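Reading the structure
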Amino acid sequence: MKAGMAPLLSIVGLKTSFHTLDGTITAVNGVDFDVYPGETLGLVGESGCGKSVTALSVLRLLNPSMTTIHGQVNFDGKNLLSLDPEEMRMIRGGTISMIFQEPMTSLNPILTVGEQISESLRLHEKLGRKKAWEKAIQMLEIVQIPSPELRVGEYPHKLSGGMRQRVMIAMALSCNPRLIFADEPTTALDVTIQAQIIRLLEHLKKGSNTSIVLITHDLGVVAQMASRVVVMYAGRVVEEAPVVELFHDARHPYTKGLLKSVPVLGGDKKTRLNEIPGIVPNLLHMPKGCSFHPRCSMTMDICKKESPSMIHFNKNRRVACWLATDDF
Amino acid sequence: MPVLEVENLKKYYPVRKGFLQRTVNHVKAVDGVSFHLNPGETLGLVGESGCGKTTVGRSILRLTPPTAGTVMFKGKDLGKMDRETLRKTRTSLQIIFQDPFSSLNPRMNVGQIIAEPIKNFEDLSKSKIRQRVAKLMTRVGLRSAQTGRYPHEFSGGQRQRIGIARALAVNPDVIICDEAVSALDVSIQAQIINLLRDLQEEMNLAYLFIAHDLSVVEHISHRVAVMYLGRIVELASARSLYKNPLHPYTKALLSAVPIPDPLVKQEQNIVLSGDVPSPLDPPEGCTFHPRCPMARDKCRTRPGYREIEPDHWIACHLYP
Amino acid sequence: MINFLLKRLLAIIPVLLGITLLLFFMLRMLPGDPAQVLAGQMASPQDVEMIRTQLGLDQPVYIQYASFLNRLVHLDLGLSARTQNPVIQEIWARLPNTILLSLCAITMACVFGIPAGIIAAVRPYSWVDYLVTIASLFGISMPVFWLGIMLMIVFSMTLQWLPAGGIGTWKHLILPTVTLASFVVAFIARMTRSSMLEVLSQDYVTTARSKGLKENLIIIKHALKNALIPIITVVGLQFGLLLGGAVLTETVFAWPGLGRLIVDSILARDYAVIQGSILIFGLLYTLVNLVVDLIYAFVDPRIRYE
Amino acid sequence: MNDIDINTKNNDSDSVGDIDSSSSRGWAKLKRNKAALVGGIFLLIYIVCAFGAPVLFWGNPSAPDLINSLSPPCAKYLLGTDELGRSILGRILYGSRVSLMIAVGVVGVGLLFGVPVGLISGYFGGKTDFIIQRFTDMLLAFPGFLLALALVAILGVGLKNTVISIGISMIPIYIRLVRGCVLTVREEVYVEAARASGTKDRHIILRHILPNVLAPIIVQTSLGMGTAILFAAGLGFLGIGVQPPTPEWGSMLGSARAYMMGKPHVATFPGIAIFLAVLSFNLLGDGLRDAFDPRSKI
């Protein structure tokens, strides 16, 4: 996209497996993508496709006794997966931070908002208690919370969902991170509040060089916020494209099906919605070959036998589908 | 003649305080809602969380008894029925719930779940019931061989199909779909929406389709009602509501929906400030006025609910 | 907060009424004449008659209950049939010993139980976790009186390190405390472990980790404080088991407390004393639960600002 | 974070809601639980001892043999004898019958009164619920063992009264437990769905509520049996429970206290018996809870 620019984050062959009673589940299976400085990358897929696990794997927030992570996560010339836990800890919340989906459960109910924002400031920015508290008030102001000097001393249960999500954003931004993973930041919110948060994020984005990885299932949110999109299905990347190309010239049958199955406001009501038949495969019993073939309308023989490799059209355009070889 | 008529429906929850547990206030979850539903029609009911849309559905079915107002089903007042008559009327009024994971009893198999409403109303032989269940399952897209399976063995979309089969089991006239597709992934959601539309055509069902997703509601409904803080602010045909929204809240709501097309940049959308006020202490007059970009003095009085164009109802002072 | 306090205080009233009603009817449920029962089998007819008029036993039941309450308020619990001393005096003489023993035991239980539970929860399925899990399972399965006897055989009789019973120095306190605390230590450790495990899987702990906080800080500041909320409740409820265990422990170690008084009185059919001491136990337990509620409100801001 | 849930637990069809929804999965989990297995084996041995006491031990466990009184373990008396020369092994074996009888009886009393009252109280609510709740508050104002003690003081000693006293002291626990579960289950959407499909109250309670509150009741039954054995032994130890010459573990310990100076075995073995019996119920209860009711605590 940005020619000549080196990626800020480069994920290569990420593979994350969970060890459960029923066996090993590979939630992320060979994912690679780059994130460039200052861009917003959309990571899209339905539940269970591995998009959140990808973020948690990068930040190493998964319980190491129950998971194995393979591959490389290159950030700033270092492979995050091979850092020792202390080095990794200093990166979390400092240079890379995260915003979570559930504002209701992601804040600690028994600590004040101010305490929760200022503790990372004290840790990463080495601020004193008083300075950190002042900065916390400043952060609340930046995320447009009214009367921040009062709100800073309140407990999360006194705040509405939208306010809490603003607090989460303040927390993530507080140490000037270079990369933010935003995991479904607006999914739990009402549509008018979602619009507020989207506008806030776009406003904050202007004039900062922070990159955002926006993880969501909501194609509307992606269309409005991201500049480049990576589509995942059943633990794999199936397609990557700049946002306009993805929405107007999708190549993978899954992406196409997904785009057509969303009802659009003011769309044609007479036509039936396009449905992708069947159900998302169980990660314990993945189909052989391309994991999408049982639901695909264009399945060929080879799709049932071998999983397709990634075809690169250009630097920002790739798709993993047997049909794509013909450049159709 | 409408199959369902709702007139000035209210549901207040008492708020008790202090050690004597005296009622000091009421949460006005539903505060005077009126509409009707024609046979074979879908009426969408949209609004943000806490607007009372779910309570409307439950109050109509008397799963939670309404505080005031009447609900007429085919001309008969549900509130005046005795327990047994009401129970029998439930054959005609069914509901599909939001959460496909919690709306099915985990200890009953699919056959038992779908057969329960049948057994409640009809005295049929076991084999007859089995046949009916098998037919219903095939109709909603499940394999009838799966009758012995338990809910946890199914995916979310399949469970929602089970819930639909249960609702269809007693040949209802009206089905209340309470956020019936909200918990589902996009690709599965499309399957269920299509299924609901097919069933409606086939069986002349009337749906009260309660949801927060405007695009889904617009797609499936013939008419749409928009709720805000316990009241309907606008009700119109889906087409005219989308093309010509009149109420400032409807306008804001529609413009807030992110459009899945990057070429349509929503720079001009109306972003409402602040949060929805608590239904415990709703603003005087028009409940929307503190957030309304067009608010004026007379908005401090409650606007009437009027039909300003044929089939276009609105509660707003901007339209005299 | 004040509202919460008042609510809790008022909630005690029906409980207190319940306790007194239960105790009032306890005597009347016994076969035979309550006056005779209270006076004891050895009492002379004159004594029995005196108690009858004194307690108004010839009056209707509700008046009897009213006068029973009235006497309770004046701390008049009657006379012991065994010693002829006022019951309240018998109880006063022993209550401090029971409170001392219970407090020592509950302190020990918290001091050992909570950290053990935390360590087990922080390293689930490690050897420490197994050790804590098995030890606490043994703890809740062990009859306290047997443990007491075994400790006595080992430490008093065989090793002769500690006195076998009675009261006096701090050394006398060790074995009864350990015995009484054993069950509660185990229970609190189990509870702490499960509560911590649950809290550690909460979203806000992941948030704390995503901020790069040190693991120790996450455990103490973010997790433990939240986990303590249910633990505090359990500690309060465990106090009840502790009081029950006190009856047995005091018997084993000849500890002159309220528990032993009850047992001796039951054996001697000294009903006035039984009634009085059970009343005191009930009051003590109610009081502890009230204190627990207050601590609860102190820890949890959601209650504090109710 | 929801995504992880979906990946690790809920992914798609086969394992969603697994945790407690399916009893077949519960059984599979129970079988894999080593602690529950050990508990089950202990319990089996315990039950075999209780039922097979006359086969395992020929002779009268209450027959004195004063010449051999307080004998340490030997070939004739594997676990030694007590102060009256009675075989400790025999008395422990026969004692297992008594304690099992008490455990079953106590939990029976608790279930018989607690479950229906809890169901009614929780499902219908209102005034009935209020009165029942004040009643349980009153009983729960006394620590359990002390309530049993007070009841023994009224009812008198002996096997039957021990069962009744401890049983009554457990009723409020079951009422609370069942009521609490019913209150949760009553709000479940599937109960609402049943009401919406015109199911009668009776059927809702029996088909929808009871099966879904069964798991915690079963867990509490197992743990409650352990508590019952402990309480009964405690009463026996104090001399106000089951009376001699009936062999009862607690009273065996009570009378052994006088001889613990030189003859520790007299006190040791009955204690181990109590410990193992209680342990088996606790292990099993833990296993049952992990398998069927993992969300509850303790």
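Here, the structure is the one placed above.
Quick look at the structure, then. (Residues numbered from 1 in each chain as written. Chains lettered and ligands numbered in written order. Predicted model: local features only at pLDDT ≥ 70, side-chain atom pairs only at ≥ 80, totals over all residues. Heavy atoms only, no water.)

A word on the overall build of chain D
Applicable threshold: Counting from the N terminus, the helices are the DSSP runs of H or I reaching at least four residues and the strands are the DSSP runs of E reaching at least two. Relative accessible area decides the class of each residue, using a 1.4 Å probe on protein chains only: under 20% of the type maximum gives buried, over 50% gives exposed, and in between gives partly exposed. Note on areas: Shrake-Rupley, 1.4 Å probe, and residue coverage restricted to the protein chains presented here.
Each helix and strand in chain D was counted, giving 13 helices and 0 strands. Listing each helix as α and each strand as β along chain D from the N terminus yields α-α-α-α-α-α-α-α-α-α-α-α-α. Across the 298 residues that make up chain D, the buried fraction comes to 59%. Entry remark: accessible area of chain D is about 11,700 Å², with carbon and sulfur atoms responsible for 69%.

Section: the packing of aromatic side chains
Put simply, the test is: A pair of aromatic rings is counted whenever rings of Phe, Tyr or Trp (Trp by its six-membered ring) have centres within 6.5 Å, and the orientation is called stacked for planes under 30 degrees apart, edge-to-face for over 60 and tilted otherwise. Only when the NZ atom of a Lys or the CZ atom of an Arg is both within 6 Å of the ring centre and within 35 degrees of the ring normal do we say a charge sits over the ring.
Across all of its chains, the model carries 19 aromatic pairs over all chains by this definition. Ring geometry for C:Phe24 versus C:Phe68: centroids 5.5 Å apart, planes at 50°, classification tilted. In this pair, C:Phe24 sits in helix α1 (residues 2-29) while C:Phe68 sits in helix α4 (residues 61-73), placing the two residues 44 residues apart along the sequence. For the pair C:Phe24 and C:Phe68, a shared accessibility class is recorded, and that class is buried. Relative to C:Trp161, the ring of C:Phe155 has its centre 6.0 Å away and its plane inclined at 40°; by these criteria the two rings are tilted. Among the residues examined, C:Phe155 registers a relative accessible area of 25% and is labelled partly exposed. Its relative accessible area of 56% is what places C:Trp161 among the exposed residues. One aromatic cluster is present, built from ring pairs that chain together C:Phe24, C:Phe25, C:Tyr65 and C:Phe68. Cation over ring: A:Arg251 sits above A:Phe313, and NZ or CZ is 4.8 Å from the ring centre.

Quick word on the state of the cysteines
Residues and elements named next belong to chain A. Selection criterion: Two cysteine sulfurs form what is called a disulfide whenever their separation falls within 2.5 Å.
One pass over the full model with this rule turns up 0 disulfides over all chains. Counting only cysteine sulfurs, Cys290 is the nearest neighbor of Cys49, a cysteine outside any disulfide, at a range of 14 Å. On the basis of relative accessible area, Cys49 is assigned to the buried category, the value being 4%. No disulfide involves Cys321; its nearest neighbouring cysteine sulfur is the one of Cys303, lying 6.2 Å away.

Overview of the side chain of B:Thr64
Spelled out, the test is: Polar contact is the term for a pair of N or O atoms within 3.5 Å; when the atoms are in protein, one must be able to donate a hydrogen and the other to accept it, and sequence-neighboring residues count only if both atoms are side-chain atoms.
Tracing the chain through its elements places B:Thr64 in the loop between α1 (53-60) and β4 (68-73). At 3.1 Å, the side chain of B:Thr64 forms a polar contact with the side chain of B:Lys11.

Examining the sheet that holds strand β2 (residues 23-35) of chain A
All names here are of chain A. The condition is simple: Two strands pair if DSSP finds at least two bridges between them. By definition, residues are in contact when any of their heavy atoms lie within 4.5 Å. Axis lines are fitted through C-alpha atoms, for helices just across the contact stretch, and the angle between N-to-C directions can take any value from 0 to 180 degrees.
Strand order in the open sheet made by the 4 strands is β2-β1-β4-β5, with antiparallel pairing throughout. A strand with exactly one partner marks an edge of an open sheet, and here the two such strands are β2 and β5 (78-79). Relative to β2, strand β1 (residues 9-20) is paired through 10 bridges, and the arrangement is antiparallel. Residue pairing across strands places His19 opposite Thr24, the latter belonging to β2. Most of the contacts of helix α1 (residues 51-58) go to β1, to which it runs at about 105°, and overall it touches β1, β2 and β4 (67-75).

Some words on the sheet that holds strand β11 (residues 311-314) of chain A
Through backbone hydrogen bonds, the strands of a sheet pair up, either in parallel or in antiparallel fashion. Residue and element names in this part refer to chain A. What the 8 strands build is an open sheet, ordered β6-β7-β8-β3-β9-β10-β12-β11; its pairing is mixed. Edge positions in the sheet fall to β6 (96-99) and β11, since each of these pairs with one other strand and no more. The sheet shows a mean angle of 20° between the axes of neighbouring strands, taken without regard to direction. Taken strand by strand, helix α6 (residues 161-173) contacts β6 and β7 (179-183), and its axis lies near 175° from that of β6.

Some remarks on the interface of chain C and chain D
As a reminder, the rule being used: As used here, buried area is the combined drop in accessible area, with a 1.4 Å probe, of two parts when they are placed together. The salt bridge criterion pairs a side-chain nitrogen of Lys or Arg with a carboxyl oxygen of Asp or Glu, the two atoms within 4 Å.
Counting residues at the interface gives 50 residues for chain C and 42 residues for chain D. In this assembly, chain C packs against chain D so that about 4,200 Å² is buried in total across both faces, 83% of it on carbon and sulfur atoms. When residues of chain C are sorted by the area they lose upon contact with chain D, C:Ser141, C:Phe145 and C:Trp146 head the list and together hold 14% of the total. Inspection of the chain C/chain D interface yields 1 salt bridge. A salt bridge links D:Asp286 to C:Arg190; the shortest N-O distance between them is 2.9 Å. For the pair chain C and chain D, the number of links is 6 residue pairs in polar contact (both at pLDDT 80 or more).

A closer look at unusual backbone geometry
Omega for the bond connecting D:Pro244 with D:Pro245 falls within 30 degrees of zero, at 10°, which places this linkage in the cis form. Mapped onto the secondary structure, D:Pro245 falls in the loop between α11 (201-238) and α12 (249-256). Within the chain, B:Asn171 stands out as a residue other than glycine whose phi angle is a positive 50°. Tracing the backbone through its elements, the reader meets B:Asn171 in the loop between α5 (156-168) and β7 (174-178). The class for B:Asn171 is exposed, based on a relative accessible area of 52%. Although it is not a glycine, C:Tyr125 adopts a positive phi angle of roughly 65°. Within the secondary structure, C:Tyr125 sits in the loop between α5 (87-122) and α6 (127-141). Of the residues examined, C:Tyr125 reaches a relative accessible area of 63% and is grouped as exposed.

Here we look at the nonpolar core
So the rule is basically this: Nonpolar cores are built from buried Ala, Val, Leu, Ile, Met, Phe, Trp, Tyr and Cys residues. Side-chain atoms within 4.5 Å join them into one set.
If you look at the biggest cluster of nonpolar residues, it comprises 171 residues, and the most contacted ones within it are C:Phe145, C:Ile149, D:Leu149, D:Leu238 and D:Ile274. Sorting elements by how many residues they give to this core places helix α10 (residues 215-252) of chain C first, with 17 residues. Discounting residues that sit within four places of it in the chain, C:Ile149 has contacts with C:Val252, D:Phe237, D:Leu253, D:Arg257, D:Met260 and D:Ala267. Counting residues in each nonpolar core, the second largest holds 74 residues, with A:Met168, A:Cys175, A:Met225 and A:Val237 among its members.

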